[in-house]
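# Summary of the model geometry
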Amino acid sequence: MDLTDPEVITLSGHGEGRSNDSELSLHRVVKKDYLHLFPNLICRSRYHRRRKDLMGIQREMLRLLMNRLRLLADWLALNSAPITTAESPRWKSAGMPIWAAEAGFSPSKQQFFLGFRLHLLVSNTGAICDFVLSPANVGERRVAEHLLAVEAQWQARQSAFFARARPVLADNGYCGDWLAGLFGKNGGALWYALRRSKKAKLEGETALRAWHRGLRARIEGVFSSLEDQFQIEETRARSVWGVMTRVVAKLLSYMVGFVANEALDRPGTALKSLYL
């Protein structure tokens, strides 16, 4: 008998949750400690191919979970993070470049990188509600325009559940009345942070900015978890399909853990202990 599709997806999610960024490392761990659970374990190369073949199914599973928790959100937050295939000093020496990878700049690391950018919509509880994976040179506002349009359409279809539009919080990288106006025309509300270099004009605006940053700490925590535990910033993939497979698997692993925690009456984002 062969390893079944659900078993391949289970191993994929388990490996991402355990921070096994190497499929070879995961295969060795399963062969040593979990062979009684996966007696039909296949070789690593076949597991790699099967996993990539099942990327579409994993994406649909992720979409179902996102839509389920999206319905329960009081507000959403929007941000992005780099997916690095090579940092700037290694562009010329990168052994296996990916044709769709482009140059981008990471403000947090203050350096250029070669790769992609992951854009997320996250709920107030920390659940991932939507995502876009784009080349690193595509502007954040351009992707935000797409995500906000999808969110506005989704809210319109679910109008029976919402008495008013849910706000979307964004940092100053998305500031601009044109983007807020575009989202507003479709019935949405975009609250973006003002640049710190811009002085507060109205009384209480400083407190309002601090309140806004406090709410947006939720999505920063989600990205921190994806980076530390799920190692989202470096997929070690060698093709566009490989990058998509690893990113979808990491997001699905996060969301499965989130739902499992809620079923156990634990904080949804407490994922470290869940994958031990």
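What you are looking at is a predicted structure, and each value in this text was computed from that prediction instead of being measured.

### Looking at helix α3 (residues 44-53)
An α-helical turn contains 3.6 residues, so a residue and the one three or four places further along point in the same direction. By the burial criterion, the buried members of α3 are Y47, R50 and R51. Considered in projection along α3, the buried side chains sweep an arc of 100° and stay on one side of the axis. Packing partners of the buried residues in α3 comprise α1 (5-17), α2 (23-33), α4 (55-70) and α8 (240-263).

### With respect to the pattern of salt bridges
For the coordinates displayed, the defined rule picks out 13 salt bridges. The salt bridge involving D5 is made with R50; its shortest N-O contact spans 2.9 Å. With D5 in helix α1 and R50 in helix α3, this pair connects stretches of sequence that are 45 residues apart. We classify D5 as partly exposed; its relative accessible area is 36%. Residues R70 and E151 are paired through a salt bridge, measuring 2.8 Å at the closest nitrogen-oxygen approach. Here R70, found in helix α4, pairs with E151, found in helix α5 (residues 140-157); they are 81 residues apart in sequence, far enough to count as distant.

### Digging into the nonpolar core
Generally speaking, soluble globular proteins have nonpolar side chains that are buried together. Among the nonpolar cores identified, the biggest contains 49 residues, and L120, I128, L226, L251, Y254 and M255 are the most heavily contacted of them. Where this core is concerned, the elements lending two or more residues are α1, α2, α4, β1 (76-87), β3 (111-123), β4 (128-135), α7 (205-228) and α8. The greatest single-element share of this core, amounting to 10 residues, is contributed by α8. Residues contacting L251, with those up to four places away along its chain left out, are L62, L118, L120, I128, F131 and L226. Listed in part, the 15 residues of the second largest apolar core include L76, L121, V132 and L148.

### Some details on the pairing of β4
Across the eight residues that make up β4, a large majority, six, are buried. Relative to β4, β3 runs antiparallel, the two being bridged by seven bridges. Bridge assignment links F116 to a residue of β4, and that residue is P135. Hairpin connection, β3 to β4: the antiparallel pair is bridged by four residues, and G126 has positive phi, about 100°.

### Some details on the layout of surface pockets
By rolling a water-sized probe across the atoms, one finds the places where empty space is left. Of the pockets and cavities examined, the second largest pocket occupies roughly 450 Å³. Around the second largest pocket, the lining comprises 20 residues; the ones closest to its centre are N79, S80, A81, P107 and S108. Tallying contributions element by element places α7 first for the lining of the second largest pocket, with five residues. In terms of residue class, the lining of the second largest pocket is built from six nonpolar, seven polar and seven charged.

### Concerning the packing of α1 against α3
Helix packing for two helices is described by the angle between their axes and how far apart those axes are. Interhelical geometry of α1 versus α3 gives an angle of 95° and a closest axis separation of 10 Å. As far as their axial angle goes, α3 and α1 are roughly perpendicular. Contacts between α1 and α3 involve D5, V8, L11, S12 and E16 from the first element and Y47, R50 and R51 from the second.

### A word on the packing of α2 against α3
Viewed as axis vectors pointing N to C, α2 and α3 meet at an angle of 115°, and their least axial separation amounts to 10 Å. Seen from above, α2 lies across α3 with right-handed handedness. Across from E23, L24, L26 and H27 in α2, the residues of α3 making contact are R44, Y47, H48 and R51. Its residues assigned to classes, the contact of α2 with α3 shows three nonpolar, two polar and three charged.

### Looking at the packing of aromatic side chains
For the coordinates displayed, the defined rule picks out three aromatic pairs. A ring pair is formed by F230 and Y254, whose centres lie 6.0 Å apart and whose planes are at 65°; its orientation type is edge-to-face. Taken as a pair, F230 in the loop between α7 and α8 and Y254 in helix α8 lie far apart in primary sequence, 24 residues in all. Classification of Y254 by relative accessible area gives buried; the value is 1%. One aromatic cluster is present, formed by F230, Y254, F258 and Y275 through successive ring pairs. Sitting over the ring of W154, R70 keeps its end group 5.2 Å from the ring centre.

### Digging into the confidence of the model for the chain
Within the chain, residue pLDDT values average 82, and 79% of them lie at 70 or more. Mean pLDDT across the elements of the chain bottoms out in helix α6 (residues 177-185) (57) and peaks in α4 (94).

### Some points on the side chain of E16
Within the secondary structure, E16 sits in helix α1. Look past the residues within four positions of E16 in its chain and what remains in contact with it is R51, Q229, F230, R246, A249, K250 and S253.

Thresholds, definitions, all that
Residues numbered from 1 in each chain as written. Predicted model: local features only at pLDDT ≥ 70, side-chain atom pairs only at ≥ 80, totals over all residues. Heavy atoms only, no water. Buried < 20%, exposed > 50% of the residue type's maximum accessible area, 1.4 Å probe, protein only. Helix = DSSP H or I, 4+ residues; strand = E, 2+ residues; numbered from the N terminus. Arc of directions from axis to C-beta. Contact = heavy atoms within 4.5 Å. Salt bridge = Lys/Arg side-chain N within 4 Å of Asp/Glu carboxyl O. Core = buried A, V, L, I, M, F, W, Y, C linked by side-chain atoms within 4.5 Å. Pairing = 2+ DSSP bridges. 1 Å grid on protein atoms, 1.4 Å probe; cavity = no way out; pocket = protein on both sides within 12 Å on 5 of 7 lines; lining within 4 Å. Points joined across faces, edges and corners; volume = space filled by probe spheres on them. Nonpolar A, V, L, I, M, F, W, Y, C, P; charged D, E, K, R; others polar. Axes fitted to C-alpha atoms, helices over the stretch in contact; angles between N-to-C directions. Parallel < 35°, antiparallel > 145°, perpendicular 65-115°, else oblique. Left-handed = near helix turned anticlockwise from the far one by under 90°. Phe/Tyr/Trp six-rings, centres within 6.5 Å; stacked < 30°, edge-to-face > 60°. Lys NZ or Arg CZ within 6 Å of the ring centre and 35° of its normal. pLDDT = per-residue confidence, 0-100.

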